[in-house]
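# Structural overview for review
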Amino acid sequence: MIHASKLRLGVNIDHVATLRNARGSAWPDPLRAALLAQAAGADGITAHLREDRRHIRDADMAALKAGITIPLNFECGATDEMQAICLATRPHAVCLVPERREERTTEGGLDVAGDETRLSAFITPLRSAGARISMFISHDPRQIEASARIGAAVVELHTGLYSDLHAEGREEEAGAELAALHQGAGLAHSLGLEVHAGHGLTFANVAPVAAIPQVMELNIGHFLIGEAVFMGLGPAIAEMRRLMDAARGL
């Protein structure tokens, strides 16, 4: 029996950097956004250092690690370059994600099952350095089981398809996807993995995911940064927190 507990909220600040980079200036500053999120009650800060540095840059990761007092979740691809940067940065957590240069955003989950040997070796030094290792995956049981086998501590379930179906009003399909997320979360929990979720979550669709009892953390970025244009980052985070707590019956 899983008892409802308070969900953690990780705020992804990548798209503050996207806005900054559009003008090639120093503003807006991702660290300032992270500090505002921290003050508004975020439990962690997520940032994705992509190979092409399209938003977050190396200096941002160093500044975030030095500047915030809540955990830093370092998202990256499983490359030698990123492993070295993670070992130098020493974040609280490292979340491995699939990455293709031509994609606008992370389009699917990591194929852990198809790359077990390499990923197991890849995460070994990161685990030794004290990082909690997370795999950003679909709810496919094969991927969940492979994540447990290689020694990950966490799986973050990709909620992008659920979010898209919800936005398109395809309620029956969205419900089926939500049921699959429930099943995946249950399997992951049974294997000793901590369960997180994220991608595409908004005020309108977050409650059913937040209500999944095995989910311990949601990571939300693009929507919150966009909503901050209209209501401010602090109030946007506060409203997301309210909706998450309500979904847990808190």
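Within each chain, residue numbers correspond to sequence positions counted from 1 in written order. pLDDT decides what is reported in this predicted model: residues at 70 or higher carry local features, side-chain atom pairs at 80 or more are listed and counted, and totals for whole chains, interfaces and linings draw on all residues regardless. In computing side-chain properties, one takes all heavy atoms of the structure into account and sets aside hydrogens as well as water.

In the nomenclature of an unreviewed UniProt entry, the protein is known as Pyridoxine 5'-phosphate synthase of Pseudotabrizicola sediminis. UniProt annotates the protein under Subcellular location (unreviewed entry) with the comment "Cytoplasm". UniProt positions are given in the numbering used here, feature names are shortened, and annotations may be inferred rather than shown by experiment.

Another aspect to go through is the side chain of His 196. Helix and strand definitions here come from DSSP, where helices need a minimum of 4 consecutive H or I residues and strands a minimum of 2 consecutive E residues; each element is numbered from the N-terminal end. If you trace the backbone, His 196 turns up in strand E7 (residues 194–198). Three labels apply to residues, based on accessible area from a 1.4 Å probe with only protein chains included: buried if under 20% of the type maximum, exposed if over 50%, partly exposed otherwise in between. Among the residues examined, His 196 registers a relative accessible area of 6% and is labelled buried. For the purposes of these results, a polar contact is taken to be a pair of N or O atoms within 3.5 Å, where, inside protein, one atom must be able to donate a hydrogen and its partner to accept one; residues adjacent in sequence count only when each atom of the pair is a side-chain atom. A distance of 2.6 Å separates the side chain of His 196 from the side chain of Glu 194, its partner in a polar contact. The contact definition used throughout considers only heavy atoms, calling two residues in contact when any of these lie within 4.5 Å. Not counting the four nearest positions on each side in its chain, His 196 is found in contact with Arg 8, Val 154, Val 155, Glu 156, Leu 157, Val 215, Met 216, Glu 217 and Asn 219.

Before going further, it helps to examine helix H6 (residues 141–150). What sets the pattern is the α-helix's 3.6 residues per turn: residues three or four places apart point alike. Within H6 the residues assigned to the buried category are Gln 143, Ile 144, Ala 146, Ser 147 and Ile 150. Along the long axis of H6, the arc covered by the buried residues comes to 165°, so they all point the same way. Looking at the buried positions of H6, the neighbouring elements they touch are helix H5 (116–128), strand E5 (132–137), strand E6 (154–158) and helix H8 (171–190). A distance of 2.9 Å separates the backbone nitrogen of Arg 142 from a side-chain oxygen at the start of H6, and that oxygen is part of Asp 140. Where H6 terminates, the next one or two residues include Gly 151, which has phi positive at roughly 100°. To obtain the arc, one takes the directions from the helix axis to the C-beta atoms.

Attention shifts here to the layout of surface pockets. Here a cavity means grid points, on a 1 Å grid over the protein atoms only, where a 1.4 Å probe fits yet cannot get out; a pocket means an open set of points with protein on both sides within 12 Å along at least five of seven lines; lining residues are those with an atom within 4 Å of a point. Grid points are joined across faces, edges and corners, and a volume is the space filled by probe spheres set on the points. Taken as a whole, the largest pocket holds about 1100 Å³ of empty space. Mapped onto the lining of the largest pocket, the elements with two or more residues apiece are helix H1 (14–23), helix H2 (30–39), strand E2 (44–48), E6, helix H7 (160–167), strand E8 (215–220) and helix H10 (222–231). Considering every element that reaches the lining of the largest pocket, the biggest residue donor is H10, with six residues. As for the second largest pocket, its lining consists of 19 residues, of which Pro 71, His 92, Ala 93, His 196 and Glu 217 are closest to the centre. If you list the elements that add at least two residues to the lining of the second largest pocket, you get strand E1 (8–12), E2, strand E4 (93–96), E5, E6 and E8. Each residue is assigned to one of three groups, with Ala, Val, Leu, Ile, Met, Phe, Trp, Tyr, Cys and Pro labelled nonpolar, Asp, Glu, Lys and Arg labelled charged, and all others, Gly among them, labelled polar. Tallied by class, residues from the lining of the second largest pocket come to six nonpolar, eight polar and five charged.

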